[in-house]
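Structural characterization, general
Read off the chains here:
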Amino acid sequence: VKLFNILQDKNEIIQENISFFNKFKLFFIDEFNNIQVNDWVNLSSESGYFQDPYYSGLGIITPVNQYSRIGSYAIELYKLTGDLKYLVYAKKVARHLKNNLIQFSSYYYWNYIITSQPSPSDKPEDLGHSILVIQFIVNCYKNNIIFDQNDVQKLVYLFKNQLYIENSNSFREYLIGQLASNDPYVSHYYLLSEYDYGVYQILSNWLSKQDFKLDESSFLNHFGNKQKNKRDLQE
């Protein structure tokens, strides 16, 4: 849906492809209305979230990153169709998230699962999943939904002063805590570079020191071998 919107905004959908895109536009709308809407949990007139049946089967509330993804989906559908109901879903998810952020003076974090009662799942969000929430918050900010510039600056501070371990080449595995990590998914924080060049500098320096090795048995093998790719480019 995001790609559709980008192409549409740039008038790059040529006439012979209109029927192709319109077919998928109908698919997006049908999928959301017949799948995602059934997962909706309305907490109040201002907040709610999507409860995935998979997590219901496990007896837990859907993790924040999962319904943040659907929130981003709703924003893109609103931009695509102009239908206000998608905007309402996005606003309610955004309000639910913002109401449950754990605030510090310069940054905030959130738990992997937001629960009304303390439970073993009340632990900070991890680095890899956090990017889905970051993407949603930034998407909300860009579309004037609940989150503002101050929220984005708190995300920048979270990355630069909390996740990044100064004078090292590592980041924290969770949004708070001491466990260090070199998770490749930290590269997705690049989107905050738009708001602070220091984010770009940290990630650029981190990337220059990486040597990703190809592990045939790993689901992460699509990262490839960085050193080999470097030589190929030089040749």
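So, here is what we can say about the structure in this document. (Residues numbered from 1 in each chain as written. Predicted model: local features only at pLDDT ≥ 70, side-chain atom pairs only at ≥ 80, totals over all residues. Heavy atoms only, no water.)

**Digging into the pattern of salt bridges**
- Per the counting criterion, the structure on display carries four salt bridges.
- Across the salt bridge formed by Glu-76 and Lys-79, the nearest N and O atoms sit 3.8 Å from each other. One end of the pair, Glu-76, and the other, Lys-79, are both in helix α4 (residues 64-81), three residues apart, so they sit about a helical turn from each other.
- Residue Lys-79 is classed as partly exposed on the basis of its relative accessible area, which comes to 37%. (Salt bridge = Lys/Arg side-chain N within 4 Å of Asp/Glu carboxyl O. Helix = DSSP H or I, 4+ residues; strand = E, 2+ residues; numbered from the N terminus. Buried < 20%, exposed > 50% of the residue type's maximum accessible area, 1.4 Å probe, protein only.)

**Thoughts on helix α7 (residues 149-163)**
- If you check α7, its first and last C-alpha atoms are 20 Å apart, about what 15 residues at 1.5 Å a residue would give, namely 21 Å.
- On its buried face, α7 is in contact with α5 (84-99), β3 (102-103), β4 (108-109), α6 (127-142), β5 (171-172) and α8 (197-208).
- The opening residue of α7, the one whose side-chain oxygen lies 3.1 Å from the backbone nitrogen of Asn-150, is Asp-148. (Expected span 1.5 Å × (residues − 1). Contact = heavy atoms within 4.5 Å. Polar contact = N/O pair within 3.5 Å; in protein donor to acceptor, adjacent residues only side chain to side chain.)

**Some remarks on the packing of helix α1 (residues 2-9) against α4**
- Where α1 meets α4, the closest approach of the two axes is 9 Å, and the angle between their N-to-C directions is 35°. As for the relative orientation of α1 and α4, their crossing is left-handed in sense. Taken together, the residues of α4 that come into contact with α1 (itself represented by Lys-2, Phe-4, Asn-5 and Gln-8) are Glu-76, Lys-79 and Leu-80.
- Considering only residue class, the contact of α1 with α4 consists of two nonpolar, two polar and three charged. (Axes fitted to C-alpha atoms, helices over the stretch in contact; angles between N-to-C directions. Left-handed = near helix turned anticlockwise from the far one by under 90°. Nonpolar A, V, L, I, M, F, W, Y, C, P; charged D, E, K, R; others polar.)

That's the geometry; what it means functionally is another story.
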